[in-house]
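# Fold and contact review
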Amino acid sequence: MDERPRLSLHVPEPEVRPGDTPDFSRVVIPRAGSVPRPPVDVDPKEIRDLAYSIIRVLDREGQAVGPWAGTLTDEEVAVGLRHMMTLRAFDARMLTAQRQGKTSFYMQHMGEEAVSCAFRMALEDGDMNFPTYRQAGLLIAGGYPMVDMMNQIFSNEADPLKGRQLPVMYSSKEHGFFSISGNLGTQFVQAVGWAMASAIRNDSRIAVGWIGDGSTAESDFHAALVFASTYRAPVVLNIVNNQWAISTFQGIARGGSGTFAARGLGFGLPALRVDGNDYLAVHAVAKWAVERARRNLGPTLIEHVTYRVGAHSTSDDPSAYRPKTESDAWPLGDPVIRLKNHLIRRGVWSEERHRQAEAEIMDTVIAAQKEAEKHGTLHSGGKPSVRDMFEGVYAEMPPHLRRQRQKAGV
Amino acid sequence: MARMTMIEAIRSAMDVAMGRDERVVVFGEDVGYFGGVFRCTAGLQQKYGRSRCFDTPISELGIVGVAIGMAAYGLKPCVEIQFADYVYPAYDQIVSEAARLRYRSAGQFTCPIVIRMPTGGGIFGGQTHSQSPEALFTHVSGLKVVVPSNPRDAKGLLISAIEDPDPVIFLEPKRLYNGPFDGHHDRPVTPWSKHEAGEVAEGHYTVPLGKAEVRRQGSAVTVLAYGTMVYVAQAAAEERGIDAEIIDLRTLLPLDLDAIATSVQKTGRCVVLHEATLTSGFGAELAALVQEHCFWHLEAPVQRVTGWDTPYPHAQEWDYFPGPRRVGEALVAAMEA
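Residues numbered from 1 in each chain as written. Chains lettered and ligands numbered in written order. Predicted model: local features only at pLDDT ≥ 70, side-chain atom pairs only at ≥ 80, totals over all residues. Heavy atoms only, no water.

So, about the overall build of chain B. When helices and strands are tallied, chain B shows 12 helices and 14 strands. In terms of overall dimensions, chain B is globule-like: its C-alpha atoms have a radius of gyration of 19 Å, near the 20 Å expected for 337 residues. For chain B, the spread of C-alpha atoms along the principal axes amounts to about 60 × 45 × 40 Å. The long-range share in chain B, meaning contacts at least 24 apart out of those at least 6 apart in sequence, stands at 80%. For chain B, the accessible area works out to roughly 11900 Å², and carbon and sulfur atoms hold 51% of it. Side-chain charges in chain B split into 30 positive and 40 negative, and the spacing between the mean points of these groups amounts to 4 Å. (Helix = DSSP H or I, 4+ residues; strand = E, 2+ residues; numbered from the N terminus. Rg over C-alpha atoms; globule rule 2.2 N^0.38 Å. Contact = heavy atoms within 4.5 Å. Areas by Shrake-Rupley, 256 points an atom, 1.4 Å probe, with all protein chains shown as cover. Lys, Arg positive; Asp, Glu negative; His and termini not counted. Charge placed at Lys NZ, Arg CZ, Asp CG, Glu CD.)

Have a look at this one:
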């Protein structure tokens, strides 16, 4: 008789599902200010524990505490708050516009605004981001016109991408925002290539890669880490862990490694985890990693621990796979409220001013939307030309495309 | 002028391109210090330094992925995939990224990269060193696909590819690296030094992409071929005494349809050749174009002679390879139809 034990497959499951009480007791949250800040030229071997901790600056009372605090002035923080509020208002308007049929699709940032807004403030003009679809804060904080974002979302006659790309897959070379693919993970390794090129040319600009928790399972992630590590590319590699990959909880991609940041340890990379809902912490960690890259000390892997409050996209309904109240239970709070409370505590902001700012910002977003809608929305008004569909496949149109365009009658 | 093998001509092309343009960088597996398993990059690292010619980890996805990022920065990477059979891990980067970057960013970002890879069989390489995957690339909008058949063309086409503003898949028929090969594997190998196309200019010159070349003038039947099959076609035509017009396509995408149509309208017969498998192969595209553009001139069905629809075998290599016997039979069939 075969007495060998029978095998069984382990399939990870989140602790809770719809109808259950949300439970984040497994998320260990260190006290704000408790994680040390190493010098940027630290030997990565010395800071392996940072891959298992969470760097936090804002405490429960809204104070900025610890060695990572103090990278921004109050005025800069106030600007940062406005960026996040703008992104939130922008999302709200565009979600409504999608429901009204003005575009086919939208992806919002609710809960994750600090990650891209704060990171952008640590970069210089000329640096290049290779973003995913949930980093529009890089554009907002980088001064890219909201009207152009909306023109792209509406695929209208003024769409900078000529109607060729799915909504929110922006591109702006001028604003250091590489064309978003929509395929997951592919751009992580391209960011490394851009950084290698900058090093080959003895330039001073750096690249920044972005990827989600789910997409770290793609081979591109591993290729990016291998190349970044081998050639010490001047790149900052960001994993935005918002806990959910559409309906799949982060444990499916993470497996047994404890944290996503820990994936960097085997490559000899400094790997840091940061409170992604803490604007000041994200900025401080970004500044540290950017300085490392700028000083030719090599790449850094950062895991931003955050939570996707909204649906994955307008084609998704999270109530089918997670408790409806889970976002309220998320222990790192809301990035906008936390930064607002900090500024109030600093005595440079108030609830009243916040309400005023909200109203002003919403007016600005609405004005931008009106301007964009003058150029049309997906199904009405001005549209990109059909002729444009055939342009730009190559620098010069080859004969077969000329024949096809002729056949299409445009 | 110098006598060059196809390997030397390809190396010379990269040397010339790197010498003229500092933005040209060359990398891949075993490409740097050692100079490539086929020696195509030998000496380039010594001449241009490690930051312009270097070894990479064994990651085709990584090689192409970083090349795309470098191109977006403004460099002109010319990368080597050690064998075309190994390109598949990079397929997503090529198809979803390199090929579409110009289009989806409305020209803000472009991707002037060259992806070189040895292709085709005839060296007892078995299924992992013999494939001809060109049709997987000709099906992709935004790519250009080149297959040279001799040293002189290889150099001029590779320089054109490196200077091209868009991504180019550059397939090098490895059985032609050291000499023309007509499929008679049991006969002595002819070196390029004894072939007129082995005479190659040492400096800069280009052969334009998208232009075919008539290798043999004829009036009885048009043979459409590229890479190794050009020589197989020549041997078959001579052996059967058929006055075939043999067109070396050189670039598959964009294709020189004018050259094809002009010839088939003249001969009224057409045989299409490739080493790659038959079904959904590039020959299907050629046959379809010929019937679209030459139907009223055709006097016989278009014939295809290709590799069989099996994985590329090892011991049965010469039963698989579409050699001069099978090509000759197709020529006769086209003539007698």
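We now examine the overall build of chain A. Tallying secondary structure elements over chain A gives 12 helices and seven strands in all. For a compact globule of 410 residues, the expected C-alpha radius of gyration is about 22 Å, and chain A comes in at 22 Å, within 12% of that figure. Expressed as a percentage of the 410 residues in chain A, the buried residues total 56%. In chain A, once contacts between residues fewer than 6 apart in sequence are set aside, the share between residues at least 24 apart is 75%. When the accessible area of chain A is evaluated, it comes to approximately 17100 Å², of which 49% is carbon and sulfur surface. Once the 47 positive and 48 negative side-chain charges of chain A are each reduced to a mean point, those two points are 4 Å apart. (Buried < 20%, exposed > 50% of the residue type's maximum accessible area, 1.4 Å probe, protein only.)

The subject of this paragraph is the nonpolar core. Ranked by size, the top nonpolar core spans 93 residues in total, and within it Val-192 of chain A together with Met-70 and Leu-249 of chain B carry the most contacts. Core analysis: the next-biggest nonpolar cluster, separate from the first, contains 74 residues, Ile-47, Ala-114, Val-168 and Met-169 of chain A among them. (Core = buried A, V, L, I, M, F, W, Y, C linked by side-chain atoms within 4.5 Å.)

All names here are of chain A. Look at helix H1 (residues 74-99) against helix H4 (residues 146-154): their axes get within 12 Å of each other, and the N-to-C directions meet at 25°. It follows from the interaxial angle that H1 and H4 lie roughly parallel. The element H1 and its partner H4 pack so that their crossing is right-handed. Residues Thr-86, Phe-90, Met-94 and Ala-97 of H1 pack against Met-146, Met-149, Met-150, Ile-153 and Phe-154 of H4. Counted by class, the contact of H1 with H4 contains eight nonpolar, one polar and no charged residues. (Axes fitted to C-alpha atoms, helices over the stretch in contact; angles between N-to-C directions. Parallel < 35°, antiparallel > 145°, perpendicular 65-115°, else oblique. Left-handed = near helix turned anticlockwise from the far one by under 90°. Nonpolar A, V, L, I, M, F, W, Y, C, P; charged D, E, K, R; others polar.)

The side chains of a regular strand alternate between both faces of the sheet. Residues and elements named next belong to chain B. When you tally the buried positions in strand S13 (residues 270-277), you get seven out of eight residues, the bulk of the element. Of the strand pairs in this sheet, strand S10 (residues 221-225) and S13 are connected by three bridges, and their pairing is parallel. Counted as the bridge partner of Leu-224 is Val-272 from S13. One ladder, built from four bridges, connects S13 with strand S14 (residues 303-307); its direction is parallel. Bridge pairing in S14 places Val-272 opposite Arg-304. (Pairing = 2+ DSSP bridges.)

All names here are of chain B. Judged by pairing direction, the sheet is mixed, and its five strands sit side by side in the order S9-S11-S10-S13-S14 without closing on themselves. Looking at which strands have only one partner, the edges of the open sheet turn out to be strand S9 (213-216) and S14. Strand-to-strand twist of the sheet, defined as the mean angle between neighbouring strand axes without regard to direction, takes the value 25°. Relative to strand S11 (residues 244-248), S10 runs parallel, the two sharing five bridges. Within the sheet, the bridge partner assigned to Val-221 lies in S11 and is Ala-244.

Taken together, the 46 residues of chain A in the interface contact 43 residues of chain B. The contact between chain A and chain B buries some 3600 Å² in all, and 64% of this surface belongs to carbon and sulfur atoms. The tally of links between chain A and chain B comes to one salt bridge. Across the pair Glu-22 of chain B and Arg-201 of chain A runs a salt bridge, and its minimum N-O distance is 3.3 Å. Where chain A touches chain B, the interface holds 21 residue pairs in polar contact (both at pLDDT 80 or more). When residues of the side of chain A that touches chain B are assigned to their parent elements, the largest contribution, 11 residues, is made by helix H5 (residues 186-200) of chain A. (Buried area = accessible area lost by both parts, 1.4 Å probe. Salt bridge = Lys/Arg side-chain N within 4 Å of Asp/Glu carboxyl O. Polar contact = N/O pair within 3.5 Å; in protein donor to acceptor, adjacent residues only side chain to side chain.)

Moving on: the confidence of the model for chain B. Looking at chain B, the pLDDT average stands at 98 and 100% of residues meet or exceed 70. As a predicted assembly, this complex carries a pTM of 0.97 together with an ipTM value of 0.97. (pLDDT = per-residue confidence, 0-100.)

A few words now on empty space enclosed by the protein. If a probe the size of a water molecule is rolled over the atoms, the empty space left behind becomes visible. Residue and element names in this part refer to chain A. Enumeration over the complete set of coordinates arrives at three cavities of 30 Å³ or more. Of the volumes computed, that of the largest cavity is approximately 110 Å³. In terms of lining residues, the largest cavity is bounded by Pro-14, Glu-15, Val-16, Asp-23, Phe-24, Arg-26, Gln-243, Trp-244, Phe-249, Gln-250 and Glu-326. Here the lining of the largest cavity is composed, by residue class, of five nonpolar, two polar and four charged. Volume-wise, the second largest cavity comes out at about 90 Å³. Tallied by class, residues from the lining of the second largest cavity come to five nonpolar, five polar and two charged. (1 Å grid on protein atoms, 1.4 Å probe; cavity = no way out; pocket = protein on both sides within 12 Å on 5 of 7 lines; lining within 4 Å. Points joined across faces, edges and corners; volume = space filled by probe spheres on them.)

Further remarks concern the pattern of salt bridges. Per the stated rule, a full pass over the model turns up 44 salt bridges over all chains. Between Arg-405 of chain A and Glu-391 of chain A there is a salt bridge, and its shortest N-O distance comes to 3.0 Å. Residue Arg-405 of chain A is found in helix H12 (residues 399-408), and its partner Glu-391 of chain A is found in the loop between helix H11 (351-373) and H12; the two are separated by 14 residues along the sequence. The class for Glu-391 of chain A is partly exposed, based on a relative accessible area of 28%. A salt bridge links Arg-23 of chain B to Asp-21 of chain B, with the nearest nitrogen and oxygen atoms 2.8 Å apart. For Arg-23 of chain B, a relative accessible area of 37% corresponds to the partly exposed category. We classify Asp-21 of chain B as buried; its relative accessible area is 18%. Linked by salt bridges that have partners in common, Asp-153, Glu-213, Arg-215, Asp-248 and Arg-250 of chain B make up one network.

All names here are of chain A. Checked against the element boundaries, Gln-98 lands in helix H1. Spatially, the C-alpha atoms of Gln-98 and Leu-378 are 9.7 Å apart, while their sequence positions differ by 280 residues. Non-local contacts of Gln-98, meaning those with residues more than four positions away in its chain, are made with Thr-103, Ser-104, Phe-105, Tyr-106 and Thr-314.

Glancing now at the packing of aromatic side chains. Note on aromatic pairs: each is described by the distance of the centres and the angle between the planes. All told, the structure shown has 26 aromatic pairs over all chains when counted by the stated rule. Pairing Phe-119 of chain A with Trp-210 of chain A gives two aromatic rings, centres 5.0 Å apart and planes at 75°, and the pair type is edge-to-face. Here Phe-119 of chain A is found in helix H2 (residues 113-120), whereas its partner Trp-210 of chain A is found in strand S2 (residues 207-212), with 91 residues between them in sequence. Across this residue pair, the class does not change: Phe-119 of chain A and Trp-210 of chain A are buried. Every member of this aromatic cluster is reached through a ring pair, and the members are Phe-227 and Tyr-231 of chain A together with Phe-27 and Phe-54 of chain B. In this structure, Arg-39 of chain B is placed above the aromatic ring of Phe-34 of chain B, and the distance from its NZ or CZ to the ring centre is 4.4 Å. The aromatic ring of Trp-308 of chain B is capped on one face by Arg-326 of chain B, whose charged end is 3.7 Å from the ring centroid. (Phe/Tyr/Trp six-rings, centres within 6.5 Å; stacked < 30°, edge-to-face > 60°. Lys NZ or Arg CZ within 6 Å of the ring centre and 35° of its normal.)

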